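Listed here are the chains, written in short residue letters.
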Amino acid sequence: GHGWLLLGGDKMSKSKGNIVGPKELCAKFGVDAVRYFLLREVPFGQDGTYTNRSLLTRINTDLANDLGNLISRTAAMIAQYFGELPAPGEEIAPDADLKSVVTGVYAKVCKAMDALDTPLALGEIWKAVERSNKYIDETTPWILAKENRERLATVLYNLAESIRIIAVLIKPYLPNTPEK
């Protein structure tokens, strides 16, 4: 069900001595991170290229910066400003757009997986992650904390709900990450 993993333009091979040990990679970066890299970078049934740089870039960009920061910032703001998840208030334009993007991901993931296109499925999920991060920049919760706590409650609720949906969607690909 897969092609070759290429390293430096050559297929990995024990006889050539150009292998990267999966146990060592998983011990260093975690199983979910390595799994994510392979699923995102190697299309089903095709060859894929592995480099340490591409692995680190994917882990740092997608998992740490995009997803990790989204979760960290949202959780910290909820804890700091409310102590628990607040109830949402009235919706405005950025809320509807965020909800549209995040709730529309499931159908796109299903369509990609029906075509056995895991990189596309994960890319669609990451569009929701990216939109959620953009929503933080658009709504500026740190300013709302000083000016409009009702609006802040809605923003933080929407972010938490987006993270919940994202966590459900990534579970098949990163089975250990959503619980964390």
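A quick note: this is a predicted structure, and the numbers were derived from the prediction, not measured. (Residues numbered from 1 in each chain as written. Predicted model: local features only at pLDDT ≥ 70, side-chain atom pairs only at ≥ 80, totals over all residues. Heavy atoms only, no water.)

Engineer: What am I meant to see in the overall build of the chain here?
Structural biologist: Check the secondary structure of the chain and you find 7 helices and 3 strands. When its helices and strands are written in sequence order, the chain yields β-β-α-α-β-α-α-α-α-α. Seen along its three principal axes, the alpha-carbon backbone of the chain occupies a region of about 65 × 30 × 25 Å. Taken across its 180 residues, the chain has 40% of its residues classed as buried. Looking at the chain alone, contacts between residues at least 24 apart form 72% of all its contacts between residues at least 6 apart. (Helix = DSSP H or I, 4+ residues; strand = E, 2+ residues; numbered from the N terminus. Buried < 20%, exposed > 50% of the residue type's maximum accessible area, 1.4 Å probe, protein only. Contact = heavy atoms within 4.5 Å.)

Engineer: Looking at this model, I keep getting lost on the pattern of salt bridges. Mind explaining?
Structural biologist: For the structure shown, the criterion picks out 12 salt bridges. In this structure, the salt-bridge partner of Lys-171 is Glu-179, at a minimum N-O distance of 3.7 Å. Salt bridges sharing common partners tie together Arg-40, Glu-41, Arg-58 and Asp-62. (Salt bridge = Lys/Arg side-chain N within 4 Å of Asp/Glu carboxyl O.)

Engineer: What is the right way to read the nonpolar core from this model?
Structural biologist: Side chains of a nonpolar character, in soluble globular proteins, are inclined to be buried together. One finds Ile-125, Trp-126 and Ile-166 to be the most contacted residues of the largest nonpolar core, which totals 42 residues. Breaking this core down by element, the ones donating at least two residues are α2 (31-41), α3 (52-81), α4 (93-114), α5 (118-139), α6 (141-147) and α7 (149-170). The element best represented in this core is α7, accounting for 10 residues. Excluding residues that lie within four positions of it along the chain, Ile-125 makes contacts with Val-105, Val-109, Ile-166, Leu-169, Ile-170 and Tyr-173. (Core = buried A, V, L, I, M, F, W, Y, C linked by side-chain atoms within 4.5 Å.)

Engineer: Explanation requested: the sheet that holds strand β3 (residues 48-49) in the structure shown.
Structural biologist: Strand pairing in a sheet relies on backbone hydrogen bonds, with the paired strands running either antiparallel or parallel. Read from one edge to the other, the open sheet built from 3 strands follows the order β2-β1-β3, with strand pairing classed as mixed. With partners counted over all chains shown, the strands left at the sheet margins are β2 (10-11) and β3, one partner each. In this sheet, β2 lies alongside strand β1 (residues 5-7) in antiparallel orientation, the contact comprising 2 bridges. Within the sheet, the bridge partner assigned to Leu-6 lies in β2 and is Lys-11. (Pairing = 2+ DSSP bridges.)

Engineer: Just to check I follow, could you spell out the side chain of Thr-154 for this structure?
Structural biologist: Tracing the backbone through its elements, the reader meets Thr-154 in helix α7. Once you skip the residues sitting within four places of it in the chain, Thr-154 turns out to touch Pro-88, Gly-89, Glu-90, Asp-95 and Tyr-135.

Engineer: Mind showing me how you'd approach the packing of aromatic side chains here?
Structural biologist: The description of two aromatic rings rests on the distance between their centres and on the angle between their planes. Overall, the coordinates contain 2 aromatic pairs when judged by the stated rule. For the pair Phe-37 and Tyr-50, a centre-to-centre distance of 5.8 Å together with 90° between the ring planes defines the contact as edge-to-face. Within this pair, whereas Phe-37 is found in helix α2, its partner Tyr-50 is found in the loop between β3 and α3, the two being separated by 13 residues in sequence. A relative accessible area of 1% places Phe-37 in the buried class. Looking at Tyr-50, the relative accessible area reads 4%, which means it is buried. Over the aromatic face of Phe-82 sits the side chain of Arg-149, whose NZ or CZ is 4.5 Å from the ring centroid. (Phe/Tyr/Trp six-rings, centres within 6.5 Å; stacked < 30°, edge-to-face > 60°. Lys NZ or Arg CZ within 6 Å of the ring centre and 35° of its normal.)

Engineer: Please explain unusual backbone geometry as it appears in this structure.
Structural biologist: As a rule of thumb, non-glycine residues mostly have phi less than zero, and peptide bonds are mostly trans rather than cis. One non-glycine residue, Leu-116, adopts positive backbone phi at about 55°. Relative to the elements of secondary structure, Leu-116 occurs in the loop between α4 and α5. One non-glycine residue with positive phi stands out, namely Thr-140, at about 40°. Turning to its location among the elements, Thr-140 is positioned in the loop between α5 and α6. With relative accessibility at 21%, the residue Thr-140 sits in the partly exposed group.

Engineer: For this particular structure, what's the right way to read the packing of α4 against α5?
Structural biologist: Helix-helix packing is characterised by the crossing angle of the two axes and by the distance between the axes. Where α4 meets α5, the closest approach of the two axes is 8 Å, and the angle between their N-to-C directions is 170°. By the angle between their directions, the pair α4 and α5 is classed as roughly antiparallel. In this structure, α4 contributes Pro-94, Asp-95, Asp-97, Leu-98, Val-101, Val-102, Val-105, Lys-108, Val-109, Ala-112 and Met-113 to the contact, and α5 contributes Thr-118, Leu-120, Ala-121, Glu-124, Ile-125, Lys-127, Ala-128, Arg-131, Ser-132, Tyr-135 and Glu-138. Within the contact of α4 with α5, the residues separate by chemical class into 13 nonpolar, 2 polar and 7 charged. (Axes fitted to C-alpha atoms, helices over the stretch in contact; angles between N-to-C directions. Parallel < 35°, antiparallel > 145°, perpendicular 65-115°, else oblique. Nonpolar A, V, L, I, M, F, W, Y, C, P; charged D, E, K, R; others polar.)

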